[in-house]
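# Close look at the chain arrangement
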Amino acid sequence: MPKLIVTNGESAAERLRAAGIKGHILPWQDMLHDGPVPPGTDLEEVSDVRADFLSQALGLPFDEVRADFAHRDAQVEVHIAYSQVELWFEHDLFDQLQLIQLLAYFAHEPERMGLSLVQASHYLGIMAPDEMRALEAHRTPVTHLMMETAREAWEAFTAPTPRPLAAFLSRSQVSRVYEVLPHLAPALHRLIAELPAPKSGLSLTEERILRHLQDGPMKVAHLYAAVHSMDEAQFLADLPFFLRLDGLAFAHEPLIFGLPFRSSEAAGLRLSPGDEIAERSYRAYASAEIALTPTGAAALKGSFDHACQNAVDRSIGGTHLMPGAMWRFDRTSGSLVLPN
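Below, the structure is looked at part by part. (Residues numbered from 1 in each chain as written. Predicted model: local features only at pLDDT ≥ 70, side-chain atom pairs only at ≥ 80, totals over all residues. Heavy atoms only, no water.)

### A few points about a negative patch on the surface
Note the threshold: A patch is a set of surface residues, each over 30% in relative accessible area and not in a salt bridge, joined within 9 Å for like charges and within 5 Å for the nonpolar side chains Val, Leu, Ile, Met, Phe, Trp and Tyr. What sets the accessible areas is the Shrake-Rupley method with a 1.4 Å probe; for residues, cover comes only from the shown protein chains. Definition used for salt bridges: Asp or Glu carboxyl oxygen within 4 Å of a side-chain nitrogen of Lys or Arg. In summary, the charge assignment counts Lys and Arg as positive and Asp and Glu as negative, without counting His or the chain termini. Positions of charges follow a simple convention, taking NZ of Lys, CZ of Arg, CG of Asp or CD of Glu. The secondary structure listing takes helices from DSSP runs of H or I that are at least 4 residues long and strands from runs of E that are at least 2 residues long, numbered from the N terminus.
Taken together, the side chains of D42, E44, E45 and E77 define an acidic patch exposed on the protein surface. With respect to the element layout, D42 can be found in the loop between β3 (35-36) and α2 (43-58).

As structure tokens, then:
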């Protein structure tokens, strides 16, 4: 019987093929760290919400996005047709959220024989074939404790407030998480830092963007490289980074200026290679030079509250940040701040 291999995206899938690792390779492909994620493990329900968000955020046809998810989900739902199912995922936030979604799904499946995990502390999409083959030799069977830990993490991530996530990451819990899924706790700590800070209303990524612009204007592509490199486990791809720039540039009180248009007009290049119009749009966006506004400088000093005064409306997992429900995270004390 054939083997099913599920991994984070097309780059990792290509590396697996280049290494000669046999099996049906399925890229999971969803940036779960951005936008709403509903509770529960039903793949269809999650995909409905995710397709709606991604189509709007990236300017893509909903039907096409939803069809891609349906095709992807169907291949996992027939996992009993495979003798083995291997989950190949990295250490970063992008991958760890995909991993807990899949492990939480399998935790509710009555049949899950032959399920194993390959965890990488490096990026699968850039590994040499011999590195991939060496990694395969260290795959481990998925245990009941792994699935239960992932199920708890998924429930916390998709809860309507960040309180369960903070509780999951508490000192009493985190040592157990490290033992079972060693990359999960650091990834979720990075996720919770994307909540607005108490005074500035900036997420960690937004704050880093503005701090880099304090020294003068930068091209989007150069700014992305600079901010991206600040994470030890780099997770933020170009398009979700562009969404953060949009939020700063097109707010009621802009914190940056210089973007030619919203990123949804530039998204097609990454998802429809060969589209000349999308490619030109992407290049125009990535090469745009952006700068800090006086409002952005004020936010960095804590004298302008971006989340409150610009009425930020976005979701992180199950938490919907909006006026009246603006959860915050104090990155200095490491504690949640309840909405006023």
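### With respect to the pattern of salt bridges
To keep it simple, the criterion reads: Type-normalised accessible area, obtained with a 1.4 Å probe on protein chains alone, sets the label of each residue: buried when under 20%, exposed when over 50%, and partly exposed for intermediate values.
A complete count under the given rule lists 16 salt bridges for this structure. Between D73 and R72 there is a salt bridge whose closest N-O contact spans 2.9 Å. Like D73, the residue R72 is buried in the burial classification. Salt bridges sharing common partners tie together D34, R190, E194, R208, D231 and R244.

### A few points about the nonpolar core
As a reminder of what qualifies: Here the nonpolar core consists of buried residues drawn from Ala, Val, Leu, Ile, Met, Phe, Trp, Tyr and Cys, with membership extended through side-chain atoms lying within 4.5 Å. The criterion used for residue contact is that any of the two residues' heavy atoms lie within 4.5 Å.
One finds L87, L210 and L245 to be the most contacted residues of the largest nonpolar core, which totals 95 residues. By residue number, the principal contributor to this core is helix α4 (residues 93-107), which donates 11 residues. Every residue in contact with L87, bar those within four places of it in the chain, is listed here: V6, L99, L102, L103, F106, L115, S116, L117 and V118. Counting 14 residues, the second largest nonpolar core, distinct from the first, contains A12, A19, M127 and L135.

### A few points about the pairing of strand β2 (residues 24-27)
This is how it is decided: Two strands pair if DSSP finds at least two bridges between them. Seen with its strands pointing away from the viewer, a crossover is right-handed if its path from the first strand over the helix to the second goes clockwise.
As judged from the four bridges shared by strand β1 (residues 3-7) and β2, these two strands associate in the parallel manner. Looking across to β2, one finds that L4 is bridged to H24. In the classification by handedness, the crossover that spans β1, the intervening helix α1 (residues 10-18) and the parallel β2 is right-handed.

### Structural notes on the packing of α4 against helix α9 (residues 184-192)
Filter applied, for reference: In this description, a line fitted to the C-alpha atoms serves as the axis of each element, helices being fitted only across the stretch in contact, and the angle between N-to-C directions of two axes falls anywhere from 0 to 180 degrees. Roughly parallel here means an angle under 35 degrees, roughly antiparallel means over 145, roughly perpendicular means 65 to 115, and every remaining angle is called oblique. For any pair of crossing helices, the crossing counts as left-handed if the nearer helix is rotated counterclockwise from the farther one by less than a right angle, and right-handed if it is rotated clockwise.
It is at 9 Å that the axes of α4 and α9 come closest, and there the two elements cross at 110°. By the angle between their directions, the pair α4 and α9 is classed as roughly perpendicular. Once α4 is placed against α9, the crossing between them reads as left-handed. Where α4 approaches α9, its residues L93, Q96, L97 and I100 are matched on the opposing element by L184, A187, L188 and L191.

Limitation: the analysis is restricted to geometry and does not speak to function.
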